[in-house]
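Summary of structural features
Here's the letter readout for the chains.
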Amino acid sequence: MSVLDHAAVTDRMPRLTAVREPVSWTRSYLRWAVFTDGVCGLLAGALALYVRFVAAQGYVPASYLAFAFGLPVLWCIAVAMAGGYESRYFGAGSDEFRRLLNAAVGLAACVAIASYAVKIDFARGYFVIALPSVAVFDLVARYRLRKRLHKLRSQGACMQRVIAVGHASAVADLVATLRREKYNGLNVVGACLAGRTMLHEIDGVPVFGGLGFVSRAVTQLEADTVAVLACPEMSGIRLRELAWELEASGTDLCVAPALIDVAGPRTTIRPVAGLPLLQLDHPELAGGKQVVKTVFDRVAAGLALVVLAPLFVAIAVAIRLDDGGPVFFKQTRVGRDGQTFRLFKLRTMVVDAEQRKLELEELNEGAGVLFKMRRDPRVTKVGARLRRWSLDELPQLFNVLKGDMSLVGPRPALPPEVARYGDHMRRRLVVKPGITGLWQVSGRSGLSWEEAFRLDLRYVDNWSIMLDLQILWKTLSAVRGGAGAY
């Protein structure tokens, strides 16, 4: 049993102290994080010594040797100052990595200021190698540590026990989301509902009563966190009283605002007359950043088509040899501002698939007007493999090059699907559809109609270049895993 596995087991033991000790797995993760950061600092210092002095001059000055051994300590201090050891960021991905980058910038600034203040002439080549190297090494190491944590969480270990507070529908949504995305590390073990209710459980989660029973539920279930969902009954005064009650036991308190699908970069705290008002910025759907997105899309699509040309040829030959039918499948889809275009895909079904669909309507497993079957008899042998790895989507790079689509965006919709849109659903048509998107990295065909739309709308309202890069990175894992691909 590994250290993290042992920590996950001991986390379930009762806590007897008045002020709850930190969750045991977080202590284990912290030790691993500090150890990993120190090793990365040592490796970066050794690499800089070798390149700058051993390989170039054949000897190492004593002052630089001392700094190389001191770099792990300085790096760990810098990470701690940047908040890299706060438990709320463990396994949090971009937030955790952002603090490592902040630590690297802060350490570089401190070294530059210190060398100028005491007039020490450091070899610039050494620091040009050492400081970027420690950041890169640690980003890779923390990524591996994070993936290990996500694996344990998928098995039910290293989880925080959560009491959800709010209306039944909101609690049910939270329970479903956290069960689907276990990597977040939150497990809802109890609920306290607002308003009158006769419910005893929600999707297997026991209900402990109303808003006045939160502290009792925390004690009985040994919860680590209370998640308060948006509800009018939880006033500011009541929320403050709840925070005081939870303070004695050291239980974390998280509050979900009404703008639950609005990302952090669009919200800022604006104090007015002593009141902390939440200011919501408009999404950046036009301007310079959209120009950058367009240029990036077309350049990346063009390069990808050149690199993947041999693969296209091999797949085309396989499709033709399979049943002698056409290589490409074309379909009308709806793009930005409701404009239709011809979407290209590699053919994965028999030639008369559309005619045979009527025979299979009763077996439809898709969401909304989409027709999906996990074991569709119309899919060819070659087509099944193409779908498994999403290779049938590659011709959409031509759509990106033409400007009809983007690399990242909402799922390209069918005209019958758009005809059923309400006013708020048409919001997803203000941007170009994408080859991949939040729907792709969050379950693909396994998502419900409502959940897919919610993810598309979240993307539109919170678009940023960094979000696109994150989705592209996560797409690689989603395609490799093949979850929801059918």
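Residues numbered from 1 in each chain as written. Predicted model: local features only at pLDDT ≥ 70, side-chain atom pairs only at ≥ 80, totals over all residues. Heavy atoms only, no water.

Moving on, we come to the packing of aromatic side chains. With the rule as written, the count across this model stands at 12 aromatic pairs. A ring pair is formed by Tyr126 and Phe127, whose centres lie 5.3 Å apart and whose planes are at 90 degrees; its orientation type is edge-to-face. Since its relative accessible area comes to 0%, Tyr126 is described here as buried. Take Phe127: its relative accessible area is 11%, and that puts it in the buried class. (Phe/Tyr/Trp six-rings, centres within 6.5 Å; stacked < 30°, edge-to-face > 60°. Buried < 20%, exposed > 50% of the residue type's maximum accessible area, 1.4 Å probe, protein only.)

Of the two faces of strand β5 (residues 225–228), both are covered, the one formed by Thr225 and Ala227 as well as the one formed by Val226 and Val228. Two elements, strand β1 (residues 160–166) and β5, share 4 bridges in a ladder whose sense is parallel. From the neighbouring strand, Val165 faces β5, where its bridge partner is Val228. Relative to strand β6 (residues 252–255), β5 runs parallel, the two being bridged by 4 bridges. Across the sheet, residue Val226 finds its bridge partner in β6, namely Leu253. Crossover handedness for the path β5 to helix α8 (residues 236–247) to β6: right-handed. (Helix = DSSP H or I, 4+ residues; strand = E, 2+ residues; numbered from the N terminus. Pairing = 2+ DSSP bridges. Right-handed = clockwise from strand over helix to strand, strands pointing away.)

Further remarks concern the side chain of Asp468. As for its position among the elements, Asp468 is in helix α16 (residues 465–481). For Asp468, a relative accessible area of 7% gives the class buried. If we skip the residues at most four places from it in the chain, Asp468 touches Lys293, Val408, Tyr459 and Trp463. (Contact = heavy atoms within 4.5 Å.)

Under the counting rule described, the total for this entry stands at 15 salt bridges. With a closest N to O distance of 2.8 Å, Glu86 and Arg88 form a salt bridge. Classification of Arg88 as exposed rests on a relative accessible area of 61%. When the shortest N-O distance is used, the salt bridge between Glu96 and Arg142 registers 2.7 Å. Of this pair, Glu96 sits in helix α4 (residues 94–117) while Arg142 sits in helix α5 (residues 124–154), and the two are 46 residues apart along the sequence. For the pair Glu96 and Arg142, a shared accessibility class is recorded, and that class is buried. Because the salt bridges share partners, they merge into one network encompassing Asp37, Glu96 and Arg142. (Salt bridge = Lys/Arg side-chain N within 4 Å of Asp/Glu carboxyl O.)

Right, let's talk about the pairing of β1 for a bit. Of all 7 residues in β1, 6 are buried, a share of seventy percent or more. Inspection of the sheet shows β1 paired to strand β2 (residues 186–193) by 7 bridges, in the parallel sense. Within β2, the residue paired with Val162 across the bridge is Val188. In this view, the connection linking β1 to its parallel neighbour β2 by way of helix α6 (residues 168–180) has right-handed handedness.

Read across the sheet, 4 strands follow the order β2-β1-β5-β6 without closing on themselves; strand pairing throughout is parallel. Because the sheet does not close on itself, it has two edges, and the strands there are β2 and β6. On average, each strand axis in the sheet is tilted by 25 degrees relative to the strand beside it, whichever way the strands run. Lying on the sheet, α6 is in contact with β1, β2 and β5; it crosses β2 at an angle near 170 degrees. The sheet strands contacting helix α7 (residues 214–221) are β1, β2 and β5, and the helix crosses β1 at an angle near 160 degrees. (Axes fitted to C-alpha atoms, helices over the stretch in contact; angles between N-to-C directions.)

Residues spaced three or four apart along an α-helix face the same direction, because each turn holds 3.6 residues. Helix length check: α6 (13 residues) gives 18 Å between terminal C-alpha atoms against 18 Å at 1.5 Å per residue, within 8%. Of the surrounding elements, those touching the buried residues of α6 are β1, β2, β3 (201–202), β4 (205–206) and β5. (Expected span 1.5 Å × (residues − 1).)

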